[in-house]
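# Descriptive analysis of the structure
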Amino acid sequence: MKTQMFLPVYRAAAQSLAPFSGLFLRRRAQRGKEELARLGERRGQAGLARPDGRLAWLHGASVGEGLALLPLVDRLIGKGFHVLVTTGTVASARILAQRLPSGSFHQYAPLDAPRFIERFLDHWRPDLFLLAESEIWPNMICAVHARAIPIASVNARLSPRSFARWRLAPSFISALLSRIDICLAQSEDDAGRLLQLGAPRVVAAGNLKYDVEAPPADPDRLRALFAGLGPRPVWIAASTHAGEEALALSAHKRLVRQLPDLLTIVAPRHAIRGDEITALARAAGLETAQRSRGEAPGASTQVYVADTMGELGLFYRLANVIFVGKSLVGQGGQNPIEPAKLGSAILHGPHVGNFIDVYAALDQGGGAFVVNDADDLAGRLAFLFSNPRDLRQAAEASRESVAAMGGAADRVMRALEPYVAAMIVSGQ
């Protein structure tokens, strides 16, 4: 099939599948992947009234992309916009509900079927549309473009693997990118790949994730946890994936020989795995408490399973050495920026391809250290706990490294200024 036919075929296929969306969404809701009470939003039915005045629509796939948009949310509100943020996951909806400022609000993104997109646009009538990272939804982009609404791809990234796949359908991707007014890429490499695929205007603006404020923490909960912990040494295995918890528990058992009052906090990437991790820790003979069951760490607690959503800012403030997961299991690493912003030394495995630039900066600046297995992890923790001066220096280097990489939000806003100015002149 010729690539220029992909777009109408995709549109027809999405339209034909739309009648089955109810069954599809209800099945996802049964698995906890949708909110049953808000399924209408996925079909373009608004859950809120549209506010009067200019409206910017910002879309990101999930938690990371949604949070990366927050610096732009603040700045757009300052320019007189109301801001609608859409994402597609339950976790992102819950976290953004806690983090979005006054003047902004969240809705679930409509499925990429023409009737749902048109219904969504008829209600919200956005004046500006910003797509985050690698989100490329054909019907969404085409429908917004048809209404002459400016489109910007922000924090845009395109991995070499995705680039190779898109090159198999050059007319298709070029037709979509040509409808995007400006692509604001995370790096020069991303910018180059987007230009090669047909994006008409590309600027390397940097990564918005460096400009996101550190995650908040409820002060009363933080005081209560500090009071219960006392002066004991604490470290966190954060955003862990299956297989990494066992390595963290093994490291704990090695460390406890020289640090008998050590507390290991395990904060899995997916909170639903809390029961599984608690059972694993108890099977290893470790005294374990579980956050989602209302349990607090006591004097005898060795492992605390932090299996709640939206509380990482709380736990990050309890320790200044943090292992960031998805890096020992070979899946590309999780984002280390938030714990680094709070002044933590970062430990990570060798597999950090998803965030290669920030890990390189942290490693080179002395704020992060590579560990290859449970022995390495235990050894590095033992060194840092035994050398508080080195731990303090590493934590400060971590904070300074991510601070030096900020500024993308201001560069993005400067690039968007002509579109904002045109709205003001036209009275929109």
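Residues numbered from 1 in each chain as written. Predicted model: local features only at pLDDT ≥ 70, side-chain atom pairs only at ≥ 80, totals over all residues. Heavy atoms only, no water.

## Quick notes on the overall build of the chain
Along the backbone of the chain there are 20 helices and 14 strands. Expected size for 428 residues packed as a compact globule is a radius of gyration near 22 Å; at 23 Å, the chain falls within 12% of this value. Principal-axis analysis of the C-alpha atoms gives the chain an extent of 65 × 45 × 45 Å. Buried residues in the chain amount to 53% of all 428 residues. Summarising the internal contacts of the chain: among those between residues at least 6 apart in sequence, 68% fall at separations of at least 24. The centroid of the 48 positive side-chain charges in the chain is displaced by 5 Å from the centroid of its 40 negative side-chain charges. (Helix = DSSP H or I, 4+ residues; strand = E, 2+ residues; numbered from the N terminus. Rg over C-alpha atoms; globule rule 2.2 N^0.38 Å. Buried < 20%, exposed > 50% of the residue type's maximum accessible area, 1.4 Å probe, protein only. Contact = heavy atoms within 4.5 Å. Lys, Arg positive; Asp, Glu negative; His and termini not counted. Charge placed at Lys NZ, Arg CZ, Asp CG, Glu CD.)

## Comments concerning unusual backbone geometry
Although it is not a glycine, R125 adopts a positive phi angle of roughly 45 degrees. Mapped onto the secondary structure, R125 falls in the loop between α7 (114–124) and β4 (128–132). When its relative accessible area of 48% is taken as the criterion, R125 is described as partly exposed. If you check the backbone angles, E133 has positive phi at about 60 degrees while not being a glycine. In this structure E133 comes out as buried when scored by relative accessible area, which is 4%.

## Topic: the sheet that holds strand β2 (residues 82–87)
If you walk across this open sheet you meet the seven strands as β3-β2-β1-β4-β5-β6-β7, and the pairing is parallel. Single-partner strands in this sheet number two, and they are β3 (104–108) and β7 (202–204). Direction aside, neighbouring strands of the sheet carry axes that sit 20 degrees apart on average. As paired elements, strand β1 (residues 55–59) and β4 share four bridges and run parallel to each other. Pairing of A56 across the sheet is with L128, part of β4. Sitting on the sheet, helix α11 (residues 188–196) is in contact with β5 (151–156), β6 (182–185) and β7, with an inclination near 170 degrees to β7. (Pairing = 2+ DSSP bridges. Axes fitted to C-alpha atoms, helices over the stretch in contact; angles between N-to-C directions.)

## Brief notes about the pairing of β6
The side-chain alternation of β6 yields two buried faces, one formed by I182 and L184 and the other by C183 and A185. Here β5 pairs with β6 via four bridges, running parallel. Note that in β6 the partner of S153 across the bridge is C183. Bridge count between β6 and β7: three bridges; the pairing is parallel. In the sheet register, C183 faces β7, and the bridge partner there is V202. With respect to chirality, the unit in which β6 leads through α11 into the neighbouring parallel β7 is right-handed. (Right-handed = clockwise from strand over helix to strand, strands pointing away.)

## Things to note about the pairing of strand β8 (residues 234–240)
Of all seven residues in β8, seven are buried, a share of seventy percent or more. Where β8 and strand β9 (residues 263–268) come together, six bridges link them in parallel fashion. Note on β9: the bridge partner recorded for W235 is T264. The parallel pair β8 and β9 is bridged by helix α13 (residues 244–255), and the resulting crossover is right-handed. Strand direction decides the pairing type here: β8 and strand β12 (residues 321–324), joined by three bridges, are parallel. Each residue of the ladder has a partner; that of A237, found in β12, is F323.

## With respect to the pattern of salt bridges
Counted under the stated rule, the structure contains 22 salt bridges. Its salt-bridge partner being R38, residue E35 comes within 3.6 Å of it at the nearest N-O pair. In this structure E35 comes out as partly exposed when scored by relative accessible area, which is 23%. Note that K209 and E133 form a salt bridge whose closest N and O atoms lie 3.2 Å from each other. Within this pair, whereas K209 is found in the loop between β7 and α12 (219–229), its partner E133 is found in the loop between β4 and α8 (138–146), the two being separated by 76 residues in sequence. The burial state of K209 is the same as that of E133; both residues are buried. Salt bridges linked by common partners bring R28, E34 and R42 together as one network. (Salt bridge = Lys/Arg side-chain N within 4 Å of Asp/Glu carboxyl O.)

## Some words on the packing of aromatic side chains
Aromatic ring pairs: the centre-centre distance and the angle between the two ring planes describe each pair. This model, assessed by the stated rule, comprises six aromatic pairs. Aromatic side chains F120 and W124 sit 6.4 Å apart centroid to centroid with 50 degrees between the ring planes, which places their arrangement in the tilted category. Separated by four residues within a single helix, F120 and W124 lie in helix α7, roughly one turn from each other. Residue F120 shares its accessibility class with W124, and that shared class is buried. Between Y304 and F315, the aromatic rings sit 6.3 Å apart at their centres with planes inclined by 70 degrees, giving edge-to-face as the arrangement. Highlighted residues: Y304 in strand β11 (residues 303–305) and F315 in helix α15 (residues 312–316), separated in sequence by 11 residues. Taking the relative accessible area as the measure of exposure, F315 reaches 1% and is therefore buried. Taken together, the aromatic side chains of W57, F105, F120, W124 and F129 make up a single cluster linked through ring pairs. Positioned over the ring face of F81 is R54, at 4.8 Å from the centre of the ring. (Phe/Tyr/Trp six-rings, centres within 6.5 Å; stacked < 30°, edge-to-face > 60°. Lys NZ or Arg CZ within 6 Å of the ring centre and 35° of its normal.)

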